[in-house]
Amino acid sequence: MGRISRSNMENIWKMHPSHKSGSSAGIGAVILTVILTAGMPGTLRAQSGGESAQRSVALTSLPASADVADTVLVRFGDRAVITQRDFEKQAVGATPNRYDTLIRGMTQDKLLLLYREDHPDLVTEEYLEKKLDDSVVQVGLKSREELAQRAAAKGVSWDVLRERTLIGLIMTALAEKGRKLAEDTEYLRKRYEQNPDHFNGTHVRARHIQFDTQPYHTPEQKEAIRRRLEELRQEILSGKKKFEEAVLLSDCPSRNKGGNLGLFPRHLQITEPVADAAFRTPVGKLSEVFASELGFHFVEVLERKEGNRPFDHPDTRRDIARWLEQETLWNALQETKKRYPVVGVHSPIRTAYLAEREIRPATRPAGATTQPGGATTRPAGDLRPRPPVGAQR
């Protein structure tokens, strides 16, 4: 999908007043409140997955005694891994169609934690401990022990709760870096002059086709998916298939409206790789196949509306400042992925342990219909940070 979507942890951060004030004073309390209200950490990110999510997960229930806990699902260079044991800590209560969303969120979280390990001054241990203590008071409890007991009753270990708080603080600290850059008018002017069409109101209309990949897909699996998409692109270029036919094979929900992503600016609405390809591709042409955190894509640009908004326009400076705040997170993720390449090894396993703990939605009474605004389907072209920035579903 193309449109930006973030993990719920980032959404929590975005909704909190500290996001606008530049302070992280209460973010820990917000995160802890959500954890204690929502229950299992997996419910923080889980959302409905599509058919591709259900197809890609290993659905065979294994005996509880099966030794699969140490099965590696994802490697980060030679620095870190996500194991089945790690996954099960996050996935309690989740049904298989949510596994892909969870593993994407876990992958982004691991990248942020690795970034912080390489930049320990970003969020120090002392600062984290202070925020945990502050949060205990802010959520109305008397001690860490009481908080740990409350979390345990919801199936959340202290280690998981502490990590969730740390990730929120990392994201806040990265955003603060962007906010500080935005205080420098000359820096803002320089960014505008480097790429005026990124901020002067220029918009592009495009449609795309996306084949999903998952963090746990092996390099061979990803290459096979890339080749299939390239073959589909060649069929369109040769006239063997019309775009309108080919788009029905797309994994993005936007296929239901012809792959159309609408009219969008260079930043903040469409995930970076998709927006970058759309702005580089001439009107009426197909881009090359390219990768994003969601999979492989190609775009066809349908229209380009040039903007003429000057730097001194308040909307221009606002958009540059907003992007700088997001760019710090995006750059941190890209830097870490370059240093520690994400390599898939094995799909998540639906063990008997997880199967016995699945929490399924209540069955809707016969004849009931979804109320307006109650749809759970992700927006067409939704990116997913997941953006990440740009990101994750």
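Residues numbered from 1 in each chain as written. Predicted model: local features only at pLDDT ≥ 70, side-chain atom pairs only at ≥ 80, totals over all residues. Heavy atoms only, no water.

Caption draft 1: View of the overall build of the chain. Along the backbone of the chain there are 15 helices and seven strands. The proportion of buried residues among the 393 residues of the chain is 52%. Of the accessible surface of the chain, which amounts to about 18,000 Å², a share of 50% is contributed by carbon and sulfur atoms. (Helix = DSSP H or I, 4+ residues; strand = E, 2+ residues; numbered from the N terminus. Buried < 20%, exposed > 50% of the residue type's maximum accessible area, 1.4 Å probe, protein only. Areas by Shrake-Rupley, 256 points an atom, 1.4 Å probe, with all protein chains shown as cover.)

Caption draft 2: Layout of the pairing of strand S1 (residues 72-76). With four of five residues buried, S1 lies mostly within the body of the structure. Pairing analysis gives four bridges linking S1 to strand S2 (residues 80-83), with the strands arranged antiparallel. Residue pairing for S2: Val74 is matched across the bridge by Ile82. In this antiparallel pair of consecutive strands, S1 and S2, the connection spans three residues, and Gly77 shows a positive phi of 55 degrees. Pairing analysis gives three bridges linking S1 to strand S7 (residues 342-344), with the strands arranged antiparallel. What sits directly across from Val74, in S7, is Gly344. (Pairing = 2+ DSSP bridges.)

Caption draft 3: A look at the sheet that holds S1. Across the sheet, which stays open at both edges, the three strands sit in the order S2-S1-S7 with antiparallel pairing between neighbours. Strands at the two margins of the open sheet, each flanked by one partner only, are S2 and S7. The mean angle between the axes of side-by-side strands here comes to 20 degrees, regardless of whether they run parallel or antiparallel. Packed onto the sheet, helix H5 (residues 84-91) meets S1 and S2 and runs at close to 60 degrees relative to S2. Packed onto the sheet, helix H6 (residues 99-118) meets S1, S2 and S7 and runs at close to 155 degrees relative to S2. (Axes fitted to C-alpha atoms, helices over the stretch in contact; angles between N-to-C directions. Contact = heavy atoms within 4.5 Å.)

Caption draft 4: View of the side chain of Arg179. With respect to the element layout, Arg179 can be found in helix H9 (residues 158-181). In this structure Arg179 comes out as buried when scored by relative accessible area, which is 13%. Here the side chain of Arg179 touches Glu325 through a polar contact of 3.2 Å, side chain to side chain. (Polar contact = N/O pair within 3.5 Å; in protein donor to acceptor, adjacent residues only side chain to side chain.)

Caption draft 5: Structural detail: the pattern of salt bridges. This model, assessed by the stated rule, comprises 38 salt bridges. Residue Glu244 is joined to Arg207 by a salt bridge in which the shortest nitrogen-to-oxygen separation is 3.0 Å. Here Arg207 lies in strand S3 (residues 203-212) and Glu244 lies in helix H12 (residues 243-246), a separation of 37 residues in the sequence. The shortest N-O distance in the salt bridge between Arg233 and Glu288 comes to 3.4 Å. Residue Arg233 is found in helix H11 (residues 219-238), and its partner Glu288 is found in the loop between helix H13 (272-280) and strand S5 (290-291); the two are separated by 55 residues along the sequence. In the salt-bridge network here, residues are joined through shared partners; they are Arg116, Glu125, Glu129, Asp133, Arg144 and Arg162. (Salt bridge = Lys/Arg side-chain N within 4 Å of Asp/Glu carboxyl O.)

Caption draft 6: Helix H10 (residues 185-194), seen in detail. Here H10 has its buried residues at Leu188, Arg191 and Tyr192. Looking straight down H10, one finds its buried side chains confined to an arc of 100 degrees; they lie on one side. Residues of H10 that are exposed and angled more than 90 degrees away from the buried face: Glu186 and Glu193. The inward-facing, buried residues of H10 contact helix H14 (314-339). Capping of H10 at its N-terminal end is provided by Asp184; its side-chain oxygen lies 3.0 Å from the backbone amide nitrogen of Glu186. (Arc of directions from axis to C-beta.)

Caption draft 7: Highlighting the nonpolar core. By size, the foremost hydrophobic cluster in this structure holds 42 residues, and its most contacted members are Phe76, Phe87, Ile103, Leu112, Val123, Ile170 and Leu174. Of all the elements in the fold, those that place two or more residues in this core are S1, S2, H5, H6, helix H7 (125-138), helix H8 (144-153), H9 and H14. (Core = buried A, V, L, I, M, F, W, Y, C linked by side-chain atoms within 4.5 Å.)

Caption draft 8: Here's a closer look at the sheet that holds S5. With antiparallel pairing, four strands are arranged side by side in an open sheet as S4-S3-S6-S5. Single-partner strands in this sheet number two, and they are strand S4 (260-264) and S5. In terms of strand pairing, S3 meets S4 through three bridges, oriented antiparallel. By the bridge assignment for S4, Arg207 is matched with Asn260. Packed on one face of the sheet, H13 meets S3, S4, S5 and strand S6 (295-305) and runs near 45 degrees to S6.

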